[in-house]
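Chains, contacts and geometry: an overview
Each chain, written out:
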Amino acid sequence: MVESPASAKPKSWLWGSLTSIRLTVFLLLILAAVAVIGTVVPQNQPPGQYFMRYGEGLGGLLYHLGLARVYYSPWFLLPMGLLALNILSCLIHGLPQAFRRILRPFTPEAALALPERGKFSWPAGVDPRAHVRAVLRQELGQFRQANLSAQEIYLYERGRFRPLGPYLVHLALLLILTGGLIGKFWGLEGSLPLDQGEVAQNFQVADAQHPLDFQVRLDRFQVQFYEQDGIPKEFRSDLTFLKDGKEVARATCRVNDPVSFGGLTFYQASYGARPEGPVHLKVRHGDQDQSLELPLRRLVDLPGGQAQLMLLRVDGNLQGYGPAAQLAFREGSGHPQIFWVLQDHPELGEQPDHYRFRAEAIPFQYYSVFQVRRDPGVWWVYAGFILFLPGFYLAFLRPAARWAVVLEVAAQGGGQARLLGASPRNREDFAASLERLLEELKKGTSP
Amino acid sequence: MISQVLGLVMLVYLVVAILFLMAELWSSPRLQNGARVLLWAGLGAHTAALLARWLGSYRLAVVHAAPAALAENLRLIILHAPLSNFYESLIFFAWTLPALGVISFRRYLKGYLGAGVALLACLLLAYASFGGVDSRIKPLMPALKSNWLLIHVVTAFLGYAAFALAFGAALLYLVQDRRPRASLPPVAQLDRLIYRATVLGFFLLTLGILTGAVWAETAWGRYWSWDPKETWSLITWFIYATLLHARLLKGWQGRRIAWLAVLGFMAVLFTYFGVSFLLAGLHSYLT
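The present account deals with the structure reproduced in this document. (Residues numbered from 1 in each chain as written. Chains lettered and ligands numbered in written order. Predicted model: local features only at pLDDT ≥ 70, side-chain atom pairs only at ≥ 80, totals over all residues. Heavy atoms only, no water.)

On to the overall build of chain B. Helix and strand content of chain B: nine helices and zero strands. Start at the N end of chain B and walk to the C end: the helices and strands fall as α-α-α-α-α-α-α-α-α. Computed over the C-alpha atoms, the radius of gyration of chain B is 20 Å, within 12% of the 19 Å expected from 2.2 N^0.38 for a compact globule of 287 residues. If you line up chain B on its principal axes, its C-alpha atoms span 60 × 45 × 35 Å. Buried positions account for 55% of the 287 residues belonging to chain B. When the accessible surface of chain B is totalled, it reaches about 11900 Å², and 70% of it is carbon and sulfur. (Helix = DSSP H or I, 4+ residues; strand = E, 2+ residues; numbered from the N terminus. Rg over C-alpha atoms; globule rule 2.2 N^0.38 Å. Buried < 20%, exposed > 50% of the residue type's maximum accessible area, 1.4 Å probe, protein only. Areas by Shrake-Rupley, 256 points an atom, 1.4 Å probe, with all protein chains shown as cover.)

Quick look at the structure:
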């Protein structure tokens, strides 16, 4: 995870394993594999679904092993927890050293300890300084100068804070994971379907009703469609928040534009249509026309008594064709047949043989569905996102390099210089700069 | 008109690929230069086609709701970047390959690698045109109406393109490593290219995931939903994170890194195509 320092103390086995990169690579690959399982096996379905899909044996196994909720099962959480521990250990292990490294100033002594990369010399009567300075300024940038007794040293340093980069990135990841945990334990997430005019005091969390410490009323719900395609263009809910029956605030909630009140945030999640009374149908059987009223989810005998019909649901704008009712039809003991009847387009859709159904009126009303949520972890997650960026920049896009040119003037005139430098983790660029630098330096100084 | 231009661009990329190959086989710098000039021309026309589509999409939106103020207009322009369905994403992905190539990896964009990039761009365009992909400009559904759309899609696809480059370099590496040929770039250079492209791709993919998470938080009230596309992008991220750690800290080089780059790109392809076709989820409007 982090460059292994030459620590004096031998590490214990446990600490050694926790800080090892081998563990990191192993965990990353395990997590990838488990995540793949989660996309292949459908998640969060009721147990029956797994039996139907995979059969009694395999389905039961999948369900009981927790693969039906794999991201919340030990299969995923254990390696994830270990990865967090791994990252934390590496931070504790390496961060102090990284700090020491960036605090260590680039002194002439430190420069002289850098590995030597090349040499050049000049004859008596030549003063190389102006040339060396010009080359350094052009090839590297701003440099410093220091004088020791018999030496003149030019120092250049770049990317001093690079060692912090990997730690910032990993700290960012820990913040994100922490945010996730906080959300899991102290967050609240539910949904709230509301009819127009309805006032809610509770919302649905998992299978239970969770009380709100205020009331919320849906004053108006609007949905607009594009003319072609029947794709919804916008849906919006005008909400009023009340406390003890008194209006406190009004707000409009749209998709991508949530509303916060009383520590909770309301997101416009979706909408639906529900019938406002029975659907009025005209039924043609043979050459007989008859009217029929169909309440929701109640089996109604068709005239003649050989067949039965049930209203399953209504839709306000089925694929852009206007109001529609979904019906289930059964004749005798045959298989039920499910089909849509469109109010404005009676010609569309397949219908049972020998029967023709037309919808005279489909009274319906839209209701609005909100996602209601409180997540104190979000800011941790966002802090992680923000920290990641400078961390990545330092770690990868800001390679560190230290260069020094040491000039030694001989007593009888002339002299020689050494080029020193190092750039950890950036061999290729370093080699290229080295070649250029040496060439340029030699050009103007060699006899 | 736009589709004719894109058809032409597709042919240009094909010719570029052939020219790069011929330049390599006959080691002709003149052909190499010709291929480059032609690639620039194709990229220019491709860019123009993208902008024209953007304009068309914006015009359609203005018909539905004319903007009043400047700020509103600006928002409408941002919203209607041509990145909102599968066809548009194919066209954009095809664009990012040569674009990233000429911007960030110009030195490497020649010979087999240049041919590979041009050929992949050509194939993507061919798929968009002849693959039965719905190319109509569709109005935006409410969830897509967000300022995050542009940055999310652009970073994600630029990341894919960088990974595609790393993949190309990895394939060449594996060939070169088995049976070295003078006409191919030296392995050290390829190894370096794999690493650089991966770093860039990893950064962009991370940005894509982060911007997507922020967007999901405002749209659905959840920064992470384990939607298949999210999950697969995370799987991809894990694989490339493994590559970077193995190389930087375990000193892995060469074949093993090349194989990881190949594996990573398989995950990228699945994230892009596989998830859209095989797994349903929040991103399914793409198909």
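On to the packing of helix 6 (residues 148–178) of chain B against helix 7 (residues 187–220) of chain B, then. Residue and element names in this part refer to chain B. Viewed as axis vectors pointing N to C, helix 6 and helix 7 meet at an angle of 160°, and their least axial separation amounts to 7 Å. One finds that helix 6 runs roughly antiparallel with respect to helix 7. Between helix 6 and helix 7 the crossing geometry is left-handed. Looking at the contact of helix 6 with helix 7 residue by residue, the classes come out as 25 nonpolar, nine polar and two charged. (Axes fitted to C-alpha atoms, helices over the stretch in contact; angles between N-to-C directions. Parallel < 35°, antiparallel > 145°, perpendicular 65-115°, else oblique. Left-handed = near helix turned anticlockwise from the far one by under 90°. Nonpolar A, V, L, I, M, F, W, Y, C, P; charged D, E, K, R; others polar.)

Attention shifts here to the environment of Phe225(A). All names here are of chain A. Of note, Phe 225 is situated in strand 6 (residues 208–225). Residue class for Phe 225 comes out partly exposed when judged on its relative accessible area of 24%. Taking the C-alpha atoms as reference, Phe 225 lies 7.7 Å from Gly 320; in sequence the two are 95 residues apart. Once residues lying within four places of it in the same chain are set aside, the contact partners of Phe 225 are Gly 230, Ile 231, Pro 232, Lys 233, Tyr 271, Asn 317 and Tyr 366. (Contact = heavy atoms within 4.5 Å.)

A few words now on the packing of aromatic side chains. Residue and element names in this part refer to chain B. Taken as a whole and judged by the stated rule, the model has 49 aromatic pairs over all chains. Measuring from centroid to centroid gives 6.2 Å for Phe 86 and Phe 273, while their planes differ by 85°, and the two rings are edge-to-face. Residue Phe 86 is found in helix 4 (residues 86–104), and its partner Phe 273 is found in helix 9 (residues 255–278); the two are separated by 187 residues along the sequence. Residue classification places Phe 86 among the buried residues on the basis of a relative accessible area of 4%. Of the aromatic side chains, those joined through ring pairs into one cluster are Phe 86, Phe 92, Phe 93, Trp 95, Tyr 127, Phe 157, Tyr 160, Tyr 272 and Phe 273. (Phe/Tyr/Trp six-rings, centres within 6.5 Å; stacked < 30°, edge-to-face > 60°.)

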